Structure formats: C-alpha cells, structure tokens
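Here are the chains, one letter per residue:
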Amino acid sequence: KELLYSLTGYRNLESPDLTGLEALVLEANQREAHYETHVAHELRGNILSLFRATPWPSEAFRKLTARTSHDLAAGWLADGYENKARLSARSSLTSFKTYSIDKTRHSPPIREIFKQEASKLKSQAKLRLRIESDAPGILYVNGDQLGDYNERWEILLSKGEYRVWVQSEMGWSF
C-alpha cells in the first residue's frame, strides 16, 4: 500500500460501496427535511471528499457525487449562504460539467446560480491540456467521461486541479 500511495497519492484504488453512499445521501436528505442542514452539509461534503480520494470512480459513483454536489449547492442557497452556494456550484461545474442539474428537483434560483457560474467559467481564461498515449481508450477528467481517446486528445480547461485518466484494454492510466 505504501508503494501505491507513493506512486499515485491514493491509498485505496477501489470505488466505495454504493449502497452505503446511497444511504448517506438519503440520510442527508432526511436531515435537511428536519432542518438539520448543518448535518446534511457535512454528510454531502464527506461524499465529495470520498470522491476526491477515489482515483478511478465508477460511473454510478460519479453520477451519485454529481447529484450530491448539486444538492450541496442548493442546500447552501436554501440556508441563505449565496456565496457558498456559488462556490459549490462552480466546483460542481468543473468536476461534473456533463451532469445537468435536475430541473424538477432543484428550484429556479439555484438553477440560475448554476447558469451564472457556468457563464463565468466559459469566459475565464483556459488552459490547454494535451494527452498522448500509445493505447486507445476512454478519457476521464474529474467526474466526467469525455469520450473515446485515440492516441492524442486536447482539451481546454478552466484553471484548477484535475484528475485525468484513461481506461484502455491495458487497464487504467493516471
């Protein structure tokens, strides 16, 4: 495990148990419904932290975490913390831009914040990331599956930290 940690910075390579994570999401929703929003925020933050600590999260885990990040931003706004809601929305958009906010689940004010933050991100200076590999595969950046990768890929990203990996027949790169 120490070699794994020194090579990747991660101690565990497996995605966590989704059943347990879904139970945490349900508990966060229940706590929020009972006006225990500080507990709901903490539970959702823990799921996001676990996501950041998982090097190759599964599709189901990425989807659950994207929804959790939307819920966290909405929770901050509902509590009157617009700046925290904006920061959460921006973080969500940089990690999960391929996952749309649910229009039936979330109110127009939080959807507007996501729209505004997406507009700000579009107008920001971008960094060009070029990836080259000997093997074709599927490219992932943070929580997003960006598509098939064939030897070379270029993408423009907003300034920030990103986890980039390719899944190919030979396994996972990082």
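Predicted model, so just to flag it, every value in this text is computed and none were measured.

### Points about the nonpolar core
Core analysis: the biggest nonpolar cluster contains 13 residues, and Ala73, Ala85, Ala89, Ile110, Ile113 and Phe114 have the highest contact counts within it. Elements represented by at least two residues in this core include exactly helix H4 (59-78), helix H5 (82-95) and helix H6 (108-123). Once you skip the residues sitting within four places of it in the chain, Phe114 turns out to touch His70, Ala73, Ala89, Ser92, Leu93 and Ile101. Residues Phe51, Leu64, Ala66 and Tyr99 belong to the second largest nonpolar core, which totals nine residues.

### Details of unusual backbone geometry
Backbone geometry places Tyr35, a non-glycine residue, at a positive phi of 65°. Inspection of the secondary structure assignment puts Tyr35 in the loop between helix H2 (18-33) and helix H3 (37-52). Accessibility expressed as a relative area gives 75% for Tyr35, which makes it exposed. A positive phi angle, close to 50°, is found at Asn142, a residue other than glycine. Within the element layout of this structure, Asn142 appears in the loop between strand S2 (137-141) and strand S3 (144-149). Judged by its relative accessible area of 7%, Asn142 is buried.

### Here's the deal with the packing of H2 against H3
Here H2 crosses H3 at 155°, and the two axes come no closer than 7 Å. Taken together, the axes of H2 and H3 lie roughly antiparallel to each other. Of the two elements, H2 crosses H3, and the hand of that crossing is left-handed. For the pair formed by H2 and H3, the contact residues are Leu21, Leu24, Val25, Glu27, Ala28, Asn29, Arg31 and Glu32 on the first element and Thr37, Val39, Ala40, Leu43, Arg44, Ile47 and Leu50 on the second. For the contact of H2 with H3, the residue count by class is nine nonpolar, two polar and four charged.

About the criteria used
Residues numbered from 1 in each chain as written. Predicted model: local features only at pLDDT ≥ 70, side-chain atom pairs only at ≥ 80, totals over all residues. Heavy atoms only, no water. Core = buried A, V, L, I, M, F, W, Y, C linked by side-chain atoms within 4.5 Å. Buried < 20%, exposed > 50% of the residue type's maximum accessible area, 1.4 Å probe, protein only. Helix = DSSP H or I, 4+ residues; strand = E, 2+ residues; numbered from the N terminus. Contact = heavy atoms within 4.5 Å. Axes fitted to C-alpha atoms, helices over the stretch in contact; angles between N-to-C directions. Parallel < 35°, antiparallel > 145°, perpendicular 65-115°, else oblique. Left-handed = near helix turned anticlockwise from the far one by under 90°. Nonpolar A, V, L, I, M, F, W, Y, C, P; charged D, E, K, R; others polar.

In short, shape yes, function no, at least from these values alone.
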